[in-house]
Amino acid sequence: MTSDTTTTSSSRATRRVTMAELPGLVGTSLGSSSRVVITQEQINLFADATNDHQWIHVDPARAARGPFGAPIAHGYLTLSLAVDLYSQLLDVTDCDQLINYGLDKVRFPAPVPVDSSVGAVAEVTSVEPCAGGYQIAVTLTFDALGVDRPVCVAQMILRYLGSAGQATGGDNA
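Reading guide: rules and limits
Residues numbered from 1 in each chain as written. Predicted model: local features only at pLDDT ≥ 70, side-chain atom pairs only at ≥ 80, totals over all residues. Heavy atoms only, no water. Buried < 20%, exposed > 50% of the residue type's maximum accessible area, 1.4 Å probe, protein only. Helix = DSSP H or I, 4+ residues; strand = E, 2+ residues; numbered from the N terminus. Arc of directions from axis to C-beta. Contact = heavy atoms within 4.5 Å. Pairing = 2+ DSSP bridges. Core = buried A, V, L, I, M, F, W, Y, C linked by side-chain atoms within 4.5 Å.

Undergrad: Describe helix α1 (residues 40-50), and please don't skip the residues or the numbers.
TA: What α1 keeps buried is the set Gln40, Gln42, Ile43, Phe46 and Ala47. The arc enclosing the buried residues of α1, seen along the axis, measures out at 160°, which places them on a common side. As for α1, its buried residues are in contact with β4 (35-38), α2 (55-58), α3 (60-64) and α4 (75-80). Downstream of α1 by one or two residues, asparagine 51 has phi in the positive range, about 60°.

Encoded structure:
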């Protein structure tokens, strides 16, 4: 089964830096990602993958009579776009391995109506040395066109690791 999700390109180029330049990015906006249109098919596939078939997501007729007037995407579907949207914004050219270390704080302030165009902006909030490289925290703020509040705000933690010669010390956690 194929998805009819549409991605539109961003006019912003990917920022390319070296690992040594990561600490200088604290407080820096990495800009805006491209946009992804969240279709009903994608919502249904996500529901199947997660066994979350709540009517507000998968029953367009009932959802049309519901509080949002249409089906809405799962919050975790929106969050699952984080890696793709973020990866469009930063390329660490001498990184040998990138580890998605997790999330610190996630909120879903507003729903994402079906057929919404979703994008994200990213800000580097911290950079700390870790064994073999740097751990960075990036705050991603997702928006949907036509929605007046962010639809997701998440702090993503990533580890950029280089060759043994680039080890910066720090913990092994």
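Alright, that's what it looks like, and here's the rest.
Undergrad: Report on the pairing of strand β9 (residues 152-161), specifying residues and quantitative values.
TA: The element β9 is extensively covered by neighbouring structure, given that eight of its 10 residues are classed as buried. Sheet topology places strand β6 (residues 97-107) next to β9; eight bridges connect them, and they run antiparallel. Of the residues in β9, the one forming a bridge with arginine 107 is valine 153.

Undergrad: Let's hear about the nonpolar core: which residues, and what values?
TA: Leu22, Ile38, Tyr86, Leu90, Phe142 and Tyr160 are the most contacted members of the largest nonpolar core, which totals 41 residues. Elements supplying a minimum of two residues to this core: β4, α1, α4, α5 (82-87), β5 (90-92), β7 (116-130), β8 (133-144) and β9. No other element matches β8, which puts six residues into this core. Not counting chain neighbours up to four residues away, the residues in contact with leucine 22 comprise Val17, Leu90, Val92, Val127, Tyr134 and Tyr160.

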